[in-house]
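Single-letter residue listing:
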Amino acid sequence: MKPAQPTRHEDKRLHALYDLGILDTGREDRFERIVRVAAYVSDCPVVAISLVDEDRQWFKAKRGLAVNQTGRSESICGHAIHQLEPFIIEDTLNDRRFDDNPLVTGPPNIRFYAGFPFSLDSEHLLGTLCVIDHKPRQLTDACERALSDLARIVEHELVMTQQNVLDPLTSVFNRRGFYREVTSYLTDEMVIEDQHTFAAL
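Since the structure is predicted, the reported quantities are computational estimates derived from the model, not experimental observations. (Residues numbered from 1 in each chain as written. Predicted model: local features only at pLDDT ≥ 70, side-chain atom pairs only at ≥ 80, totals over all residues. Heavy atoms only, no water.)

A. Quick look at the overall build of the chain. Per the secondary structure count, the chain includes six helices and six strands. Tracing the chain from N to C terminus, the helices and strands come up as α-α-β-β-β-α-β-α-β-β-α-α. Buried positions account for 45% of the 201 residues belonging to the chain. (Helix = DSSP H or I, 4+ residues; strand = E, 2+ residues; numbered from the N terminus. Buried < 20%, exposed > 50% of the residue type's maximum accessible area, 1.4 Å probe, protein only.)

Here it is as structure tokens:
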């Protein structure tokens with residue numbers, strides 16, 4: 001097994017992760033919905049939003065997993081956060097980095113893995129939206145694009161958390177978040193109206 005290694009700028013990455021204050025928090029519908037959609041579009045039995053901490057990966061939302069975290073050294077997500085592109089292993093038993101990994105040889109018996117990294121700044125990757133199967137497989141191009149889009153939605157939710165626009169207890173917009181969203185909506189509507197007016201001239 002090749003253990004997952006720290007990233008190039010690990011201190012900054014961990015600082016960004018800890019600043020979110022999201023580790024070890026409870027279930028939130030906004031993330032659970034993303035996991036449900038990812039499971040549907042990928043047809044994979046295991047899906048998770050994984051945040052890679054200093055010595056563990058912790059699951060903010062999950063489906064098909066009995067645990068809330070695993071060690072970082074054996075996590076495949078720990079490898080995925082070294083690149084911006086999706087990290088896809090079609091058959092872990094044919095990959096020398098993972099063929100004797102305890103998460104492959106034992107529960108959750110990972111044979112297929114696809115991790116879609118997310119960040120707050122396109123540089124320091126905090127974790128992945130990952131889909132897992134117990135048998136080798138491939139993703140279609142359409143499925144890969146859809147999962148990449150879902151990872152961008154995870155990013156959006158984390159950015160809103162970072163900007164303190166969501167109430168941490170209810171996960172709905174606080175006053176600042178409501179004002180920002182309404183302002184953005186009204187601005188977009190004004191742009192569309194101006195475009196229609198210009199087209200009519």
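B. Structural context of the packing of aromatic side chains. Tallied over the entire structure, the rule returns two aromatic pairs. Measuring from ring centre to ring centre gives 6.3 Å for Phe87 and Phe98, while their planes differ by 85°; the resulting arrangement is edge-to-face. Here Phe87 is found in strand 4 (residues 87-89), whereas its partner Phe98 is found in the loop between strand 4 and helix 4 (102-105), with eleven residues between them in sequence. Both residues of the pair, Phe87 and Phe98, belong to the buried class. Taking the centre distance of 6.3 Å and the plane angle of 65° together, the rings of Phe87 and Tyr113 count as edge-to-face. Placement of the pair is Phe87 in strand 4 and Tyr113 in strand 5 (residues 112-119), with a sequence separation of 26 residues. (Phe/Tyr/Trp six-rings, centres within 6.5 Å; stacked < 30°, edge-to-face > 60°.)

C. View of the pattern of salt bridges. In the structure shown here, the tally under the stated rule is 13 salt bridges. The residue Arg137 makes a salt bridge to Asp133 at a minimum N-O spacing of 3.1 Å. Notably, a salt bridge pairs Arg152 with Glu155, separated by 3.1 Å at the nearest N-O pair. With Arg152 and Glu155 both in helix 5 (residues 141-162) and three residues apart, the pair spans about one turn of that helix. (Salt bridge = Lys/Arg side-chain N within 4 Å of Asp/Glu carboxyl O.)

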